[in-house]
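# Tertiary structure, described
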Amino acid sequence: MDKKVDARYRNFGTVVYPDSAPEDWMEIVSSYHVPAFISPIHDSDLNPVGNEHKKDHYHVMFMYEGKKSRSQIEEVFSSFGGHGCEVINSIRGYARYLCHLDNPEKHQYNPEDVKAFAGADYHGICSLAIDKYNTIGEMMDFCILNQIYSFSSLSRYAKEYRFDWFRILCDNGAFFMKEFIKSYYWENTSEDKQ
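Definitions and limits used
- Residues numbered from 1 in each chain as written.
- Predicted model: local features only at pLDDT ≥ 70, side-chain atom pairs only at ≥ 80, totals over all residues.
- Heavy atoms only, no water.
- Helix = DSSP H or I, 4+ residues; strand = E, 2+ residues; numbered from the N terminus.
- Polar contact = N/O pair within 3.5 Å; in protein donor to acceptor, adjacent residues only side chain to side chain.
- Contact = heavy atoms within 4.5 Å.
- Salt bridge = Lys/Arg side-chain N within 4 Å of Asp/Glu carboxyl O.
- Axes fitted to C-alpha atoms, helices over the stretch in contact; angles between N-to-C directions.
- Parallel < 35°, antiparallel > 145°, perpendicular 65-115°, else oblique.
- Left-handed = near helix turned anticlockwise from the far one by under 90°.
- Pairing = 2+ DSSP bridges.
- pLDDT = per-residue confidence, 0-100.
- Core = buried A, V, L, I, M, F, W, Y, C linked by side-chain atoms within 4.5 Å.
- Buried < 20%, exposed > 50% of the residue type's maximum accessible area, 1.4 Å probe, protein only.
- Phe/Tyr/Trp six-rings, centres within 6.5 Å; stacked < 30°, edge-to-face > 60°.
- Lys NZ or Arg CZ within 6 Å of the ring centre and 35° of its normal.

Before going further, it helps to spend a moment on the side chain of Ser39. By the secondary structure assignment, Ser39 is in the loop between β2 (36-38) and β3 (58-69). There is a polar contact of 2.8 Å between the side chain of Ser39 and the backbone nitrogen of His59. Sequence-distant contacts of Ser39, that is, excluding residues within four places in its chain, are made with Tyr58, His59 and Leu98.

Okay, structure coming up:
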């Protein structure tokens, strides 16, 4: 018996073209109650040859708890207009590809625009240590540029406008940012400053 025919996997991806998918295709994805991500619409991708725009599309990623055969998933994907059925070898790698996070030569899509279903945590799956450091650097620059001397002000701003910052402040970046803001305030308001 051919092992490839019987092969079963947990994670699969497909592409959806909005012009050929049912109008309610995202609701159909949701109705499966399987952890899944839908990328922002890829409307700025270019073909490597000729630099022509690719047809608008979404990437969809399903993450099952148990193993499924490719034929089972092809049936699921066809229910909402998915084209193709790709086995995903790295959840983190594919999740990051939804926004081209590791492909600077490609158009960058906003991670906040990824849709998550059935408890899937996009930021939790695709975050790397370097992302945290870059984000903390952005917060430092923001505080300097806007003369933010209050952790409360930074936290409120992050909650309202930059959830990626807010997540890091809540998870493990608060101590560093409090110390930075305190010393930044001290440097700029010290009586001994010349």
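In this section: the pattern of salt bridges. Per the stated rule, a full pass over the model turns up 7 salt bridges. Across the salt bridge formed by Arg162 and Asp164, the nearest N and O atoms sit 2.8 Å from each other. Its salt-bridge partner being Glu179, residue Lys182 comes within 3.2 Å of it at the nearest N-O pair. Pair noted here: Lys182 and Glu179 are both in helix α8 (residues 163-189), with a separation of 3 residues, about one helical turn.

Axis separation between helix α7 (residues 151-161) and α8 bottoms out at 10 Å; the angle between their running directions is 165°. Taken together, the axes of α7 and α8 are roughly antiparallel relative to one another. Between α7 and α8 lies a crossing of right-handed hand. Where α7 abuts α8, its residues Phe151, Leu154, Ser155, Tyr157, Ala158, Lys159 and Tyr161 lie against Phe163, Trp165, Phe166, Leu169, Ala174, Met177, Lys178 and Ile181.

Before going further, it helps to spend a moment on the pairing of β3. As defined by bridge partners, strand β1 (residues 8-16) adjoins β3 across 8 bridges and the pair is classed as antiparallel. By the bridge assignment for β3, Tyr9 is matched with Lys68. Bridge analysis of β2 against β3 gives 3 bridges, and the strand direction is antiparallel. Each bridged residue has a counterpart across the sheet, and for Phe37 the counterpart in β3 is Met61.

Once that is clear, we can look at the sheet that holds β2. The antiparallel open sheet is built from 5 strands, whose spatial order is β4-β1-β3-β2-β5. Two strands bound the open sheet, and with one partner strand each, they are β4 (82-87) and β5 (115-117). Ignoring which end each strand starts from, the neighbouring axes of this sheet average 20° apart. Here helix α3 (residues 70-79) sits on the sheet in contact with β1, β3 and β4, set at roughly 140° to β3.

Below, the discussion takes up the confidence of the model for the protein chain. The predicted model of the protein chain averages 91 in pLDDT, with 95% of residues at 70 or higher. The least confident element of the protein chain is helix α1 (residues 3-6), whose mean pLDDT is 57; the most confident is β2, at 98.

A separate point is the nonpolar core. Within the largest apolar cluster, 21 residues are counted, with the highest numbers of intra-cluster contacts made by Trp25, Val29, Ile38, Phe62, Phe77 and Phe80. Beyond its immediate chain neighbours, meaning those up to four positions away, Phe77 contacts Phe12, Gly13, Thr14, Phe62, Gly82, Gly84 and Cys85. Judged by nonpolar contacts, the second largest core, of 15 residues, contains Ile136, Met139, Leu154 and Ile181.

Before going further, it helps to spend a moment on the packing of aromatic side chains. According to the stated counting rule, one finds 17 aromatic pairs in the structure shown. Summarising the aromatic geometry, the rings of Phe62 and Phe77 are spaced 5.5 Å apart at their centres and angled 80° between planes, so their arrangement reads as edge-to-face. Here Phe62 is found in strand β3, whereas its partner Phe77 is found in helix α3, with 15 residues between them in sequence. The class of Phe62 is buried, set by a relative accessible area of 0%. For Phe77, a relative accessible area of 1% gives the class buried. One aromatic cluster is present, built from ring pairs that chain together Trp25, Tyr32, Tyr58, Phe62, Tyr64, Phe77 and Phe80. Note that Lys55 overlies the ring of Tyr17, its terminal NZ or CZ placed 4.9 Å from the centroid. Positioned over the ring face of Phe151 is Lys178, at 5.3 Å from the centre of the ring.

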